[in-house]
Amino acid sequence: MIHVGVNGYGTIGKRVADAVRAQPDMSVAGVAKTSPNFEAKVALERGYPLYAVDEDRTDAFAEAGFDVAGTVDELVAESDVVVDATPAGIGAENADLYREHDTPALFQGGEDADVAEVSFNARANYEAARGADYVRVVSCNTTGLSRLLAPIIEEYGVEKARITLVRRGGDPSQTGRGPINDTLPDPVEIPSHHGPDLNTVFPEISVDTMGMKVPATLMHTHAVNVTLESETDAESVRDLLDAESRLFVMPPELDIDGAGKLKEFAQDAGRPRGDCWENCIWGDSVTVDGRDMYCFQAIHQEADVVPENVDAIRAVLDTADREDSMALTEDALGLDGQIGQSMRDPVAQPPTLADGGRDADD
Ligand code: NAD
């Protein structure tokens, strides 16, 4: 069993902890938080040992009635690997702690690329992370683009990719974020940081990205145009994408017109928290004109990096190759590339991650 510590139990950390617990070869050593709140309560109810960031904060947990197992320092000492899911910039500050304990660590996409040896996406460059000590799982947007482009690069070659990212203003729980009544070019500069970030995974690819922010919380939407190096047709591209386990090519019959229905579909299908771990590509949007390919995809920012974190754990500890790890992760999560394929009745048979599953220290 791989004992995984999760430092930072927020939007990403809590999902990664549940996904780790669902794996047959992993257990959650504990989760760390700065402050006692509803997420700390849920962590304890799920049986995860709860750690405070430092001694000073331990008292606040005790005053709120939360049992604390120790401090982050102790969690790192007890873990085979740490998933750092603290807010952007804090991960880099934590890097020395992981080095002191000689504990491999994963960082998230909010950190600069130089925090780690490898910027990671399971489908695109799993092998590069095998045996590395420090890996950065790229952001939700870069994960979504890497998964989409990897098979396209392999099959057709890419002359140039141009992507407009229409980004949600904040996650549903980020009540302080906006805009609340505007559509912003964000950043105004072109390319946005997403293009260079994609180059940390695919150094050779020519890509321009433009970013926007809109008053939405559910998902990002990408408008994609790729000039291919060889000719093809829309049906072939659709088949290529459909064969990828983490790409869901949505058939028109589902009548999903946006992130609202998509999230509802995931909830109805019994996905924990209504999470869409896959990229969701509108099948009808896949268009080819000459060597230009186009599509729209929705990216659930809270969820798509979760299976990638699980795979990155096996990569750094070098316990599995890419194919085995991705299959293991997907099988344990019930990630079916279709969302509704292995639909379960959430009342009669709760999904793997929501049912409490195994104890934290299984
Ligand atoms: P979050 O704010 O929801 O959660 C962060 C957690 O870390 C909170 O529980 C907070 O209490 C805790 N924390 C704060 N300071 C800490 C410290 N010093 N030590 C330990 N824990 C601390 O953040 P998030 O949205 O989960 O983002 C985490 C990382 O994942 C960031 O790098 C972010 O850029 C990246 N990311 C976020 C999203 C997203 O949409 N939310 C998507 C992909 C990647």
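Just above, that's the structure.
Scope of this entry: the structure provided in the associated data block.

Calculation rules
- Residues numbered from 1 in each chain as written.
- Predicted model: local features only at pLDDT ≥ 70, side-chain atom pairs only at ≥ 80, totals over all residues.
- Heavy atoms only, no water.
- Pairing = 2+ DSSP bridges.
- Helix = DSSP H or I, 4+ residues; strand = E, 2+ residues; numbered from the N terminus.
- Disulfide = S-S within 2.5 Å.
- Buried < 20%, exposed > 50% of the residue type's maximum accessible area, 1.4 Å probe, protein only.
- Contact = heavy atoms within 4.5 Å.
- Expected span 1.5 Å × (residues − 1).
- Right-handed = clockwise from strand over helix to strand, strands pointing away.
- Lys, Arg positive; Asp, Glu negative; His and termini not counted.
- Salt bridge = Lys/Arg side-chain N within 4 Å of Asp/Glu carboxyl O.
- Polar contact = N/O pair within 3.5 Å; in protein donor to acceptor, adjacent residues only side chain to side chain.

1. Quick word on the sheet that holds strand β6 (residues 105-107)
No. 1: Strand order across the open sheet formed by eight strands is β4-β3-β2-β1-β5-β6-β8-β7, with parallel pairing between neighbours. Strands with a single pairing partner mark the edges of an open sheet, and in this sheet they are β4 (70-71) and β7 (118-120).

2. Section: the state of the cysteines
No. 1: The full count for this structure, using the stated rule, is zero disulfides.
No. 2: Here cysteine 140 stays free of any disulfide, with the sulfur of cysteine 276 as its closest cysteine sulfur at 13 Å.
No. 3: Just so you know, cysteine 276 is unpaired, no disulfide at all, and the nearest cysteine sulfur is the one on cysteine 280, 4.5 Å from it.
No. 4: A relative accessible area of 0% places cysteine 276 in the buried class.

3. Topic: helix α1 (residues 11-21)
No. 1: In terms of burial, α1 is largely enclosed, as eleven of its eleven residues are buried.
No. 2: All buried positions along α1 are accounted for by Thr11, Ile12, Gly13, Lys14, Arg15, Val16, Ala17, Asp18, Ala19, Val20 and Arg21.
No. 3: Where α1 is buried, its residues contact β1 (2-7), β2 (26-33), α2 (38-45), β5 (81-84), α11 (305-317) and α12 (322-333).

4. Examining α11
No. 1: Here α11 is 13 residues long and its end C-alpha atoms lie 19 Å apart, about the 18 Å a rise of 1.5 Å per residue gives.
No. 2: Where burial is concerned, most of α11 is hidden: twelve out of the 13 residues are buried.
No. 3: Considered for burial, the residues of α11 that qualify are Val305, Val306, Pro307, Glu308, Asn309, Val310, Asp311, Ala312, Ile313, Arg314, Ala315 and Val316.
No. 4: Directly after α11, the chain includes aspartate 318, whose backbone phi takes a positive value near 55°.

5. Observations concerning the pairing of β2
No. 1: Of all the eight residues making up β2, eight are buried; the element is thus mostly covered by neighbouring parts of the structure.
No. 2: The β-α-β motif built from β1, the intervening α1 and the parallel element β2 has right-handed crossover chirality.
No. 3: Viewed along the sheet, the connection from β2 through α2 into strand β3 (residues 50-52) turns out right-handed.

6. Side note on the side chain of aspartate 84
No. 1: When you line up the elements, aspartate 84 lands in strand β5.
No. 2: Despite its burial, aspartate 84 pairs with no opposite charge, the nearest such side chain being arginine 99 at 11 Å.
No. 3: There is a polar contact of 2.6 Å between the side chain of aspartate 84 and the side chain of threonine 86.
No. 4: Of the polar contacts made by the side chain of aspartate 84, one reaches the side chain of tyrosine 98; its length is 2.5 Å.
No. 5: If we ignore the near neighbours within four places in the chain, the residues touching aspartate 84 are Asn7, Gly91, Asn94, Tyr98, Leu106, Phe107 and Gln108.

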